[in-house]
Amino acid sequence: MLDRNEVERLEAEAVNAAAVRQPLYAPRKKIFPKRATGNFRRFKWIVMAITLGIYYLTPWLRWDRGEFAPDQAVLVDLANRRFYFFFIEIWPQEFFYVAGLLVMAGIGLFLVTTTVGRAWCGYTCPQTVWVDLFLVVERAVEGDRNARIKLDKAPWSADKLAKRVVKHATWLAIAVATGGAWIFYFADAPTLLVDFVTGHAVPEVYITVAILTATTYTFGGLMREQVCTYMCPWPRIQAAMLDENSLTVTYNDWRGEPRRRHAKKAAAEGKIVGDCVDCNACVAVCPMGIDIRDGQQLECITCALCIDACDSVMDKIGKERGLISYATLCDYNANMSIATDNGAEPISPSLVRDGNGELVGSIAHFHLSKIFRPRTFVYFGAWAAIGLVMLVALMARDRIDINVLHDRNPQFVLLSGGSVRNGYTVKLLNMVPQPRIFTLELHGLPGGFMSVAETGAPESRIATVGVEPDRLRTLKVFVRLPADAAARGSRDFSFVVKDTGSDETDSYETTFIAPEN
Amino acid sequence: MSEKHIDETTGVETTGHVWDGIRELNNPLPRWWLWTFYLTVIWSVAYTIAYPAWPLISSATSGVLGYSSRAELGKELAAVEEGRAELVAAVADTSLEDILADQELRRFAASAGEAAYMVNCSQCHGSGARGSAGYPNLNDDDWLWGGDIEAIYQTIAHGVRFDGDDATRFSEMPAFGDILSGEEVDQVAAYVFSLMGDPSDQAAADAGAALYADNCAACHGEDAKGLTEFGAPNLADAIWFYGSDERAIAAQIKNPAHGVMPGWQSRLGEVTVKQLAVYVHSLGGGE
């Protein structure tokens, strides 16, 4: 029997033992992006103005289509199931044009990403644009980075409360305007604005505005970079879109390393000194809160603000710009080989600079010809081909259409005189915003006559019907074949519709069914 | 195992579990994710309080909002009734001829009539209104009691040989088996058949012509085109009610079948009968 004290200790450990326990849920680390100035920042302002301008102003553009159609240039008329885009009018069955546009947008995104990386994310994505706009407000109310950090840490005071209230109120106002602009795409904008303000709009309008206000405020003001990092699928997909010739925002450590906080002092001490002065300007301006010097990472939306920040620092210390720059992996690797003597040595500035301190001539720079490579040609080809096919299809599409449905029950009716009658539901589509007069004609079926129940006109082989602008007209048509002709059995024939005012025409082949003898 | 293990490459702590040397990183979830989860829990509880949810022994909790799908259906039906009240009133106030002349009213009446037809009439006349032996086809242009809109309305409203309505259509063809000999019946049948086809025995058909004139022409007409006042069918057309061969015709002469149709006015009301009349008239044979 073992002694009490000699009981063997088992090698076991609680997985959540106090010593190894860590929080299961991480609070978000707040990011306070500093204001950047420079070429890319200017470009982003311009893109922001254009994209927001398009979004807010488009519904207010007018386009004259005559008295029978709305005069809004871009309108998704859900009630009447029509989509208007300037001179183009799309019916529901033509929605594949919109699908085609989406395919083009997808391929276009691939094309842009393979050439200039995540330009969509960095400049034009609504999330980026609105976050940028919200940051403008934040900066105007609370000040730049340091002031904001200070304010955030400060205890609650009247001043802090006032600033926070003003900031969030402005954000909400922008959010309401964002949601508010969206609804104008779906109804006549001036009318809807009056209805909206006076409280006469339908509940769906207010619900839509409320939802978009909530998402804009939450995504743009509160969640910001988390939307890109956690919610968006594109950062995951983009890895497959980039290759060694794609331009991405790159920290050129081949000239930056080894970074030294006090470069001059370090140089005086005889240490090797790279261009990077480790000032963290690139980190401070980053809206995603990352350090580009850690290399390409999922969080980076390539907004290029770190390039602006670094360039102004390089200007200040008298070094050439481009320590952080748009570069391809190919060029970067080539330059890295130079800087490390093909990996034999640690990065050494002496290998990339000549005696005068200038970069050596063999340093690779981006060349426009890199854009023209098989991959981009394939993407552009596919993109252009779809566009071309759609354009041709759009130009050649019918604005007159006919659909015919043969009665199933009864398939035919024997009449007292021995003749046989078939019933058809004929749908005539007048797809232009003007009233038109069509003729409906029987082609084939010798001896046959038709009568259109609604017109009450006598039996004939041709009928004249008016169709309202942009409407479909359903007609019940009876076709009768005399006894002797019907005795020869079922046969095919066509309904042909013609516009009396032009040469537009369309036809539909169907069957006349006669009893089997 | 007692101290924290930090993964070298990522600098992230691991869970402490090791499988064949592979460790699992312990990246914490974002906090707002957790909040979202709590929010869904709160939402689900609130939902079951607000709406009918928890099953009890014979029913379920009714929810504080008082929602029920049956009440919603009732509301929707009431809204539909209200929406078409104007058109229904117009049908009630407008004469049948004027309904036919009015595009919108005619379309409404026909489609309302179709719905009523499917519920009340299709059992005998068929869903396509094709009828069958003894039940007339309503698509064709052959009408026992008249094919204009008024006549159709009368027939539907009061029925045929219907005990429950004094204004019902009534006629009864005598059983000629008691009046004529078997041979004579066959002769008449041969004559009637010859009006549209080739009889098996031309001599019998010729003999039947005289018998027809004496016995049948009073109701069916000398030209055998029938008389809608008596509901006497047209015998000189391609459409047969109880069968088209000579034997079937003879059987009908000897001991005729008399179909009955109920009158619908008392059951469905005037408006529905009007709608039914417009629908039947629109099937293609209306005069």
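What counts and how
Residues numbered from 1 in each chain as written. Chains lettered and ligands numbered in written order. Predicted model: local features only at pLDDT ≥ 70, side-chain atom pairs only at ≥ 80, totals over all residues. Heavy atoms only, no water. Helix = DSSP H or I, 4+ residues; strand = E, 2+ residues; numbered from the N terminus. Rg over C-alpha atoms; globule rule 2.2 N^0.38 Å. Buried < 20%, exposed > 50% of the residue type's maximum accessible area, 1.4 Å probe, protein only. Contact = heavy atoms within 4.5 Å. Core = buried A, V, L, I, M, F, W, Y, C linked by side-chain atoms within 4.5 Å. Patch = residues over 30% accessible without salt bridge, like charges linked within 9 Å, V, L, I, M, F, W, Y side chains within 5 Å. Areas by Shrake-Rupley, 256 points an atom, 1.4 Å probe, with all protein chains shown as cover. Salt bridge = Lys/Arg side-chain N within 4 Å of Asp/Glu carboxyl O. Phe/Tyr/Trp six-rings, centres within 6.5 Å; stacked < 30°, edge-to-face > 60°. Lys NZ or Arg CZ within 6 Å of the ring centre and 35° of its normal. Domains from an automatic or database assignment. Polar contact = N/O pair within 3.5 Å; in protein donor to acceptor, adjacent residues only side chain to side chain. Nonpolar A, V, L, I, M, F, W, Y, C, P; charged D, E, K, R; others polar. Pairing = 2+ DSSP bridges. Axes fitted to C-alpha atoms, helices over the stretch in contact; angles between N-to-C directions. Parallel < 35°, antiparallel > 145°, perpendicular 65-115°, else oblique. Left-handed = near helix turned anticlockwise from the far one by under 90°. pLDDT = per-residue confidence, 0-100. Buried area = accessible area lost by both parts, 1.4 Å probe.

(A) Up close: the overall build of chain B. The helix and strand tally for chain B stands at 11 helices and 3 strands. Sequence-ordered secondary structure for chain B, helices as α and strands as β, is β-β-β-α-α-α-α-α-α-α-α-α-α-α. In terms of C-alpha radius of gyration, chain B reaches 37 Å, well past the compact-globule figure of 19 Å for 287 residues. Seen through its C-alpha atoms, chain B measures out along the principal axes to roughly 120 × 55 × 45 Å. In chain B, which comprises 287 residues, the share counted as buried stands at 36%. Taking the intrachain contacts of chain B between residues at least 6 apart in sequence as the baseline, contacts between residues at least 24 apart amount to 53%.

(B) Layout of the nonpolar core. One finds Val249, Ile292, Ile324 and Tyr326 of chain A to be the most contacted residues of the largest nonpolar core, which totals 37 residues. Listed by contribution, the elements that provide at least two residues to this core are helix 2 (96–116), helix 3 (119–124), helix 10 (234–241), strand 5 (247–251), helix 13 (281–285), helix 14 (305–317) and strand 6 (324–328) of chain A. When residues in this core are grouped by element, the largest group, 7 residues, is from helix 14 of chain A. Not counting residues within four places of it along the chain, the set of residues in contact with Val249 of chain A comprises Ile292, Gln296, Thr302, Ala304, Cys306, Ile307, Ile324, Ser325 and Tyr326 of chain A. Membership of the second largest hydrophobic core comes to 31 residues, among which are Leu100, Ala110, Val271 and Val273 of chain B.

(C) Structural detail: a nonpolar patch on the surface. A surface patch of nonpolar side chains, amounting to about 950 Å² of accessible area, comprises Trp35, Phe37, Tyr38, Val41, Val45, Ile49, Val64, Leu65 and Tyr67 of chain B. Along the polypeptide, Phe37 of chain B turns up in helix 1 (residues 31–50).

(D) Spatial organisation of the packing of aromatic side chains. What the rule picks out here adds up to 29 aromatic pairs over all chains. Judged by centre distance (5.4 Å) and plane angle (55°), the ring pair of Tyr117 of chain B and Tyr279 of chain B falls under tilted. With Tyr117 of chain B in helix 4 (residues 103–120) and Tyr279 of chain B in helix 11 (residues 265–282), the pair connects residues that are 162 residues apart, well separated along the chain. On the basis of relative accessibility, which here comes to 0%, the residue Tyr117 of chain B falls in the buried class. Connected via pairs of aromatic rings, a cluster forms that spans Tyr55, Tyr56, Trp130, Trp182, Tyr185 and Phe186 of chain A. Across the ring face of Trp91 of chain A, the terminal group of Arg82 of chain A is positioned such that the distance to the ring centre comes to 3.6 Å.

(E) Looking closely at the domain arrangement of chain B. Split by domain assignment, chain B resolves into domain 1 (1–67), domain 2 (71–168 + 261–282) and domain 3 (176–254). Between the C-alpha centres of domain 1 of chain B and domain 3 of chain B the distance comes to 87 Å.

(F) Local environment of the interface of chain A and chain B. In this complex, chain A contributes 26 residues to the contact, which on the side of chain B involves 34 residues. Our count for the chain A to chain B interface comes out at 9 residue pairs in polar contact (both at pLDDT 80 or more). Secondary-structure elements contributing two or more residues to the side of chain A that touches chain B are strand 1 (25–26), helix 9 (225–231), strand 8 (413–414) and strand 13 (471–481) of chain A. Of the residues belonging to the side of chain A that touches chain B, the class tally is 16 nonpolar, 5 polar and 5 charged. Sheet topology note: the strand 1 of chain A/strand 3 (residues 29–30) of chain B ladder contains 2 bridges and is parallel. Each residue of the ladder has a partner; that of Ala26 of chain A, found in strand 3 of chain B, is Pro30 of chain B.

(G) Fine view of the pattern of salt bridges. All names here are of chain A. Applying the stated criterion across every chain yields a total of 39 salt bridges over all chains. For Asp470, the salt bridge goes to Arg82, with nearest N and O atoms at 4.0 Å. Placement of Asp470 in the loop between strand 12 (462–467) and strand 13 and of Arg82 in strand 3 (residues 82–85) is noted, with a sequence separation of 388 residues between them. The burial state of Asp470 is the same as that of Arg82; both residues are buried. The salt bridge involving Arg148 is made with Asp144; its shortest N-O contact spans 3.9 Å. A relative accessible area of 0% places Arg148 in the buried class. Asp144 gets classed as partly exposed once you look at its relative accessible area, which sits at 27%. One network of salt bridges, with partners in common, ties together Lys30, Glu138, Arg139, Glu142, Asp144, Arg148, Asp152, Arg164, Lys167 and Arg224.

(H) Fine view of the side chain of Asn139 of chain B. Among the secondary structure elements, Asn139 of chain B is positioned in the loop between helix 5 (122–125) and helix 6 (149–158). A residue is classified by how much of its surface remains accessible, and Asn139 of chain B, at 3% relative accessible area, is buried. A polar atom in the side chain of Asn139 of chain B sits 2.9 Å from the backbone oxygen of Gly128 of chain B. Each residue touching Asn139 of chain B, except ones within four places of it in the same chain, is listed here: Pro410, Val413 and Arg421 of chain A together with Gly128, Ala129, Arg130, Leu283, Gly284 and Gly285 of chain B.

(I) The arrangement of the environment of Trp182 of chain A in detail. Residues and elements named next belong to chain A. Along the chain, Trp182 falls in helix 6 (residues 158–183). C-alpha separation for the pair Trp182 and Tyr55, spaced 127 residues apart in sequence, amounts to 8.1 Å. Ignoring any residue separated from it by four or fewer positions in sequence, one finds Trp182 in contact with Tyr55, Thr208 and Leu212.

(J) Region of interest: the side chain of His281 of chain B. Take His281 of chain B: it is sitting in helix 11. If we skip the residues at most four places from it in the chain, His281 of chain B touches Leu100, Gly147, Asp148, Ile149, Ile152, Gly286 and Glu287 of chain B.

(K) Region of interest: the packing of helix 6 of chain A against helix 8 (residues 203–223) of chain A. Residues and elements named next belong to chain A. In contact at an axis separation of 7 Å, helix 6 and helix 8 are set at 135° when each is read in the N-to-C sense. For the element pair helix 6 / helix 8, the angle class is oblique. The crossing of helix 6 and helix 8 is right-handed. Facing His168, Trp171, Leu172, Ala175, Val176, Thr178, Gly179, Gly180, Trp182 and Ile183 of helix 6, the residues of helix 8 in contact are Val205, Thr208, Val209, Leu212, Thr213, Thr216, Tyr217, Gly221 and Leu222.

(L) A look at the sheet that holds strand 2 (residues 74–77) of chain A. Residue and element names in this part refer to chain A. Ordered by their spatial adjacency, 3 strands build an open sheet running 2-3-4, and the pairing between neighbours is antiparallel. Of all strands in the sheet, those bounded by a partner on one side alone are strand 2 and strand 4 (88–90). Each strand axis lies, on average, 10° off the axis of its neighbour in the sheet, ignoring direction. Across 4 bridges, the pairing between strand 2 and strand 3 is antiparallel.

(M) Layout of the confidence of the model for chain B. Looking at chain B, the pLDDT average stands at 91 and 99% of residues meet or exceed 70. Scored as a complex, the prediction yields pTM 0.73 and ipTM 0.78.

(N) Main features of the pairing of strand 1 (residues 14–19) of chain B. Residue and element names in this part refer to chain B. The pairing of strand 1 with strand 2 (residues 22–25) spans 3 bridges and is antiparallel. In the strand pairing of strand 2, Thr14 is matched with Leu25. Counting the residues between successive antiparallel strands, the hairpin from strand 1 to strand 2 contains 2 residues, one of them, Asp20, with a positive phi of roughly 50°.

(O) Looking closely at the environment of Thr10 of chain B. Residues and elements named next belong to chain B. For Thr10, the location among the structural elements is in the segment before strand 1. Considered as a pair, Thr10 and Ala217 are 207 residues apart in the sequence and their alpha carbons are 108 Å apart. A distance of 2.7 Å separates polar atoms of two side chains, one belonging to Thr10 and the other to Asp7.

(P) Summary view of the domain arrangement of chain A. Residues and elements named next belong to chain A. Per the domain assignment, the segments making up chain A are domain 1 (39–58 + 72–91 + 124–232), domain 2 (238–366) and domain 3 (400–512). For domain 1 and domain 3, the distance between their C-alpha centres works out to 53 Å. Both faces combined, the contact of domain 1 with domain 3 buries some 430 Å², and carbon together with sulfur accounts for 50% of it. Across the domain 1-domain 3 interface, the total number found is 1 salt bridge. Of the residues in the side of domain 1 that touches domain 3, the class split is 2 nonpolar, 1 polar and 2 charged.

(Q) Inspection of the sheet that holds strand 15 (residues 505–512) of chain A at higher detail. Residue and element names in this part refer to chain A. What the 4 strands build is an open sheet, ordered 12-10-14-15; its pairing is antiparallel. Of all strands in the sheet, those with a lone pairing partner are strand 12 and strand 15, marking the two edges. For this sheet, the mean inter-axis angle between neighbouring strands, taken without regard to orientation, is 25°. Across 8 bridges, the pairing between strand 14 (residues 491–499) and strand 15 is antiparallel.

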